Amino acid sequence: MRAGTDNGETNGAWAIGQLARFASLRALIVAAGALPPLVEVLRAGTDNNKSNAVTAIGQLIKDAATRAPIVAAGALPPLVELLRAGSEGDKVIVMAAIGELAKDARTCALIVAAGALPPFAEVLHADTEDAKASVASLLVGLATEMQLEISALQTERDALA
């Protein structure tokens, strides 16, 4: 995949996505250095290669231990861009992936900073009822996690006072 050929990107991202279906391999895939090339494909690959890369990241993100490295590799901005301009299938995978990331309150602020809220709002106004329900659930999750983080910070502040 690092060679940069279209065929290499297609096959590499597809293969990683297939391997990442197995939970026992996800951390190994991340440790082997698969994230930087996947993120690069998300940024600059062909539409087909982006679909393969988002599918791979969508599988990898199911493991809580891989979420922070995915964010650290810079995946959020290109994922949000796929929310704006990707295929409908890619958008569904991205919404699920961001939903997984939103389970961590520390990541919620990064999701908002990456600009995910405007594309979510567009889905609420334009897409199918299933998509609307998914986005509404994701937004509730974001709000809940952020409120929990605020509550924790207030508790810490009060304990120090």
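Residues numbered from 1 in each chain as written. Predicted model: local features only at pLDDT ≥ 70, side-chain atom pairs only at ≥ 80, totals over all residues. Heavy atoms only, no water.

Novice: Quick question: what am I supposed to make of the pattern of salt bridges here?
Specialist: If charged atoms from side chains of opposite charge come close, those side chains can pair. A full pass over the atoms with the stated rule returns six salt bridges. In this structure, the salt-bridge partner of Arg43 is Glu40, at a minimum N-O distance of 3.9 Å. Of this pair, Arg43 and Glu40 both sit in helix α3 (residues 35–44), three residues apart, roughly one helical turn. With a relative accessible area of 48%, Arg43 lands in the partly exposed category. Two residues, Arg157 and Asp158, come together in a salt bridge whose shortest N-O distance is 3.1 Å. Here Arg157 falls in the exposed class, since its relative accessible area comes to 52%. Its relative accessible area of 47% is what places Asp158 among the partly exposed residues. Each of the salt bridges in this network shares a partner with another, and the network as a whole consists of Arg67, Glu100 and Lys103. (Salt bridge = Lys/Arg side-chain N within 4 Å of Asp/Glu carboxyl O. Helix = DSSP H or I, 4+ residues; strand = E, 2+ residues; numbered from the N terminus. Buried < 20%, exposed > 50% of the residue type's maximum accessible area, 1.4 Å probe, protein only.)

Novice: Is there a simple way to think about helix α5 (residues 64–72) in this case?
Specialist: Note: α-helices contain 3.6 residues per turn, so residues at a spacing of three or four share the same orientation. Thr66, Arg67, Ile70 and Val71 are the residues of α5 that are buried. Down the axis of α5, the sector holding all buried residues measures 135°, keeping them to one side. α5 presents Ala65, Ala68 and Ala72 as exposed residues on the side facing more than 90 degrees away from its buried surface. Where α5 is buried, its residues touch α2 (23–31), α3, α4 (47–60), α6 (76–85), α7 (88–101) and α8 (105–113). (Arc of directions from axis to C-beta. Contact = heavy atoms within 4.5 Å.)

Novice: What is the right way to read the side chain of Asp90 from this model?
Specialist: In this fold, Asp90 is placed in helix α7. Buried and unpaired, Asp90 has no salt bridge, with Lys50 as the nearest side chain of opposite charge at 8.2 Å. Apart from the residues lying within four places of it in its own chain, the contact partners of Asp90 are Ser51, Val54 and Leu82. (Lys, Arg positive; Asp, Glu negative; His and termini not counted.)

Novice: Can you help me understand the side chain of Glu100 in this one?
Specialist: Looking at the secondary structure, you find Glu100 in helix α7. Residues in contact with Glu100, not counting those within four places in the same chain, are Ile61, Lys62 and Arg67.

Novice: Help me understand the packing of α4 against α7 in this model?
Specialist: To characterise two packed helices, one gives the angle between the axes of the helices and the distance between these axes. One can describe the packing of α4 onto α7 by two numbers: an axis separation of 9 Å at closest approach and a directional angle of 25°. It follows from the interaxial angle that α4 and α7 lie roughly parallel. Seen from above, α4 lies across α7 with left-handed handedness. Of the residues in α7, those in contact with Ser51, Val54, Thr55 and Gly58 of α4 are Asp90, Ile93 and Val94. Class assignment of the residues belonging to the contact of α4 with α7 gives a composition of three nonpolar, three polar and one charged. (Axes fitted to C-alpha atoms, helices over the stretch in contact; angles between N-to-C directions. Parallel < 35°, antiparallel > 145°, perpendicular 65-115°, else oblique. Left-handed = near helix turned anticlockwise from the far one by under 90°. Nonpolar A, V, L, I, M, F, W, Y, C, P; charged D, E, K, R; others polar.)

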